[in-house]
Each structure stands twice: as C-alpha cells, then as structure tokens.
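Below are the chains, spelled out letter by letter.
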Amino acid sequence: MKTIFLFFFLSIPSFINAQVISGMVYDNISKEPLEGASVYLDGTTIGTITNSQGQFRLELNTTLNAPIVISFIGYKTKMFSITDLNALQEIYLDENPNQLNEVLIEADNWSRGKKLQIFISEFLGKTEASKYCKIINKNDISLVFKASSNTLIAFSEKPIIIKNKYLGYTINYNLIDFEIKFKTSTQGLRYTHKVYSAGTSFFEELYQTPKKKSRLHREKSYYGSLIHFMRSLHDRTLTENNFTIYHKRVAIHPYQHFKLSNEKDLIKIEMTANNLSVVYQNFHQSSIAFTPQNNTFFIDRNGNHSPPNGLLFGGDFGLKRISSMLPLNYLSVNK
C-alpha cells in the first residue's frame, strides 16, 4: 500500500542582508491602523507586532530565502519579498470572508471528533515529538469531509497555536490550505493517500531559557531532517553529512542527478532524474521527486528551498510534520 505525502510551505524568494524593515499596516476599507498585526519572517523566530499606530519595525540580521508575512485575525494574510515591502511602506489588509460557507456544499456525515483526530495526527505527525505537542485552540479549526472526493479539508481564521514541549517552541501557524486525500482498499478500508499543507509559521521560545532536553531534542530532530539535507546539498557536503543518494535502488554519486550552479545568493539545482531516494546514516530513508512542471529549484544557505510546491517528499521527509519542524534560522551547535 503506497502512501505519498506532500507537505510543503509557501515561500517567496527574498534576498536579505542585515537591515531594518519598517512600515504601517491599515484596514483597506476604513484606512484605520491595525494594532497587534503580526509581522514575521516565515518559518523563523524573527518577528514583531504593530503598535497602536499600526507601525512595525523588524530587524533582520540573517540571510534567508523566505517571505515577510503580515497577518491579522479576520483579515487575509499577505506575504512580501523584502524588496517589495521596502517599496510599499504602507500595507492594507482586506477582511477575510468566512471560508466555511464556501465548502459546505454537500452533507458531511463524519463527527467532529473523528475529523479532528485525523487532522491532528496528520498535521502534527506521528513521531516521538508529536506526543509532546498540543494544539491550544482546537476549537478555532474548521473541518469538513467531502465524501464525493474522499477528502478532509481543514481551515482556520485564526493562527493555530501549537505548544511543542519536545522542541521547546510555541508555533503560531497560519493555515492557508490543508487537505487529506483518502483512498479505499479492496477490503473497504479507508487510508491516507496524500496530505497537502500550505501555511506560514512563526516560532517563539516556549521557555525563557531553552531546557537541556529541548536543546538535545532539537539536535536530534535536525540531523537527517529535510533542512539538514537541503543545507548539505547547498554546501555540497552530502557525503560528509552521511547522506547517500539512490536511483532505481542503486547507490550513485551524490551529485549525479543534482546539477548545482550559483545564482546570486542561492544555489540553483536541476534534477536530471526523478524519484531519487535519500538515505541518512544507511538507515533513514526518504524520497524526493519533482513535479511535471519543473525540475529546477533553489536553496539558500539556511536550507530553505523554493518553489516549495515544485518538490514532493516521501518517507522520513514526508512523515515529519509540524511537531518535528525547526525554525529556518536554527543553527546546530555542532555546525
């Protein structure tokens, strides 16, 4: 029984040098300033909120290929590259219509308890870390099962707040799109076939000083992760970091089907063969494939790849979800 997991996050290329970004956030209709709007570098611990005048000031001291996210409860989230945001200075947010009315077009005979259990399992993942994760505001999550397409859809007008005691983070996750597609076996059993998730995330330290266990768990989660792989690919250190590449079950030179070239602050990668297997430490197996539209992607030095929807991941990469996710600006102590 083959299960494919598609789990990727929105990203807009942004070439960042140490700088300060500032601006104003307003309601697009009333033109009134929005106090408390979140402004953050997607997937990181770098963020701030607007003051009573709608002003924000964000200090960036890292280089990441990630967008700046601006969100406010009840409004549509916007994302900008650094260049675009610097040019705007003033940002106007539109109110977000109720998504529930858009998907309730057929009867839903699944109980909320059943849908929520499946969502939490697929959203957080099924790793050791997930046992120590808790979604604080589960009531804010709307869930709909569409029998006609065998699909479970989830959305939330408010950021999903995840308390991750395993890694020592609180994650504010702005869910933009989430679908679980099921298939039914010949025995009539329904199983997960694909999971698609898109959203933005902001990390905060759960404890004032990270606990020793949290630091150890972060290192454990980092090694062999997708970020570790992407950083190793970027630095051309796959072999040194214990990654082996297989094609059609045969071990190959790690860069045989990854053609790397420099492009500004990024590394451009062209995959010349699809469905490659990635094995970490001769044990942990993952797969990486490109979509029919494009076999080329980019990686910044922090391991953030784009476009995210151009790659499909399976195995360990696909199974590790929000509970195992580290900020893009996480630095291994052994690096």
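Residues numbered from 1 in each chain as written. Predicted model: local features only at pLDDT ≥ 70, side-chain atom pairs only at ≥ 80, totals over all residues. Heavy atoms only, no water.

Helix and strand counts for the chain come out as six helices and 22 strands. Its C-alpha atoms give the chain a radius of gyration of 20 Å, near enough to 20 Å, the size a compact globule of 335 residues would have. Across its three principal axes, the chain shows a C-alpha extent of roughly 60 × 55 × 45 Å. The proportion of buried residues among the 335 residues of the chain is 48%. Residue pairs at least 24 apart in sequence account for 66% of intrachain contacts in the chain once pairs closer than 6 positions are excluded. (Helix = DSSP H or I, 4+ residues; strand = E, 2+ residues; numbered from the N terminus. Rg over C-alpha atoms; globule rule 2.2 N^0.38 Å. Buried < 20%, exposed > 50% of the residue type's maximum accessible area, 1.4 Å probe, protein only. Contact = heavy atoms within 4.5 Å.)

With four bridges joining them, strand β17 (residues 266–271) and strand β20 (residues 296–299) adopt antiparallel strand pairing. The residue bridging Ile 269 from the neighbouring strand is Phe 297, located in β20. Strand direction decides the pairing type here: β20 and strand β21 (residues 305–306), joined by two bridges, are antiparallel. Along β21, the bridge assignment pairs Phe 298 with Ser 306. Joining the antiparallel neighbours β20 and β21 is a turn of five residues, in which Gly 303 adopts a positive phi near 90 degrees. (Pairing = 2+ DSSP bridges.)

Turning to the sheet that holds strand β14 (residues 243–247), a few remarks are in order. Ordered by their spatial adjacency, five strands build an open sheet running β15-β14-β18-β19-β22, and the pairing between neighbours is antiparallel. Either end of the sheet is taken by a strand with one partner, and the two such strands are β15 (250–252) and β22 (311–314). Between one strand axis and the next, the sheet turns by 35 degrees as a mean value, whatever way the strands run. Both strand β18 (residues 276–280) and strand β19 (residues 284–290) contribute to a ladder of five bridges, which runs antiparallel. Its bridge partner lying in β19, Val 279 is registered against Gln 285. (Axes fitted to C-alpha atoms, helices over the stretch in contact; angles between N-to-C directions.)

Along its 13 residues, helix α3 (residues 112–124) runs 18 Å from first to last C-alpha, staying within 8% of the 18 Å computed at 1.5 Å per residue. Within the sequence span of α3, burial applies to Lys 115, Leu 116, Phe 119, Glu 122, Phe 123 and Leu 124. Tucked into the core, α3 has its buried residues touching β8 (133–135), β9 (141–146), β10 (151–156), β11 (160–164), β12 (169–184) and β13 (190–205). (Expected span 1.5 Å × (residues − 1).)

Ranked by internal contacts, the top residues of the largest apolar core, which has 53 residues, are Phe 119, Phe 123, Ile 160 and Ile 162. Sort the elements by how many residues they give to this core and β12 lands first, with seven residues. (Core = buried A, V, L, I, M, F, W, Y, C linked by side-chain atoms within 4.5 Å.)

Attention now goes to the confidence of the model for the chain. Summarising the model, the chain shows a mean pLDDT of 87, and 90% of its residues fall at 70 or more. pLDDT under 50 marks residues 1–17. Its contacts with residues more than four places away, or in other chains, come to 81 contacts. (pLDDT = per-residue confidence, 0-100.)

What follows concerns the pattern of salt bridges. Within the structure shown, the criterion is met by seven salt bridges. In this structure, Glu 59 and Arg 57 form a salt bridge, with 2.8 Å as the shortest nitrogen-oxygen distance. For the pair Glu 59 and Arg 57, one class covers both residues: exposed. Across the pair Arg 321 and Glu 122 runs a salt bridge whose closest N-O atoms are separated by 3.3 Å. Placement of Arg 321 in the segment after α6 (315–319) and of Glu 122 in helix α3 is noted, with a sequence separation of 199 residues between them. Each member of the pair, Arg 321 as well as Glu 122, is classed as buried. Overlapping salt bridges, with partners in common, bring together Glu 122, Lys 126 and Arg 321 in one network. (Salt bridge = Lys/Arg side-chain N within 4 Å of Asp/Glu carboxyl O.)

The next thing to look at is the sheet that holds strand β7 (residues 90–93). For sheets, the rule is that strands pair by backbone hydrogen bonds, running either parallel or antiparallel. Within the open sheet, the three strands sit side by side as β4-β1-β7. Their pairing is mixed. Two strands in the sheet have a free side with no partner beyond their single neighbour: β4 (55–60) and β7. Ignoring strand direction, the axes of neighbouring strands in this sheet form an average angle of 35 degrees. Direction of pairing for strand β1 (residues 19–27) relative to β7: parallel, over a ladder of four bridges. In the strand pairing of β7, Met 24 is matched with Glu 90.

When a strand is regular, its side chains alternate between the sheet's two faces. Linking β18 back to β19 in an antiparallel pair, the connection comprises three residues, with Gln 281 at a positive phi of about 50 degrees. Relative to β22, β19 runs antiparallel, the two sharing four bridges. What sits directly across from Phe 290, in β22, is Leu 311.

The next subject is the environment of Ser 22. If you trace the backbone, Ser 22 turns up in strand β1. For Ser 22 and Thr 186, which are 164 residues apart along the polypeptide, the C-alpha to C-alpha distance reads 57 Å. Look past the residues within four positions of Ser 22 in its chain and what remains in contact with it is Phe 56, Arg 57 and Gln 89.

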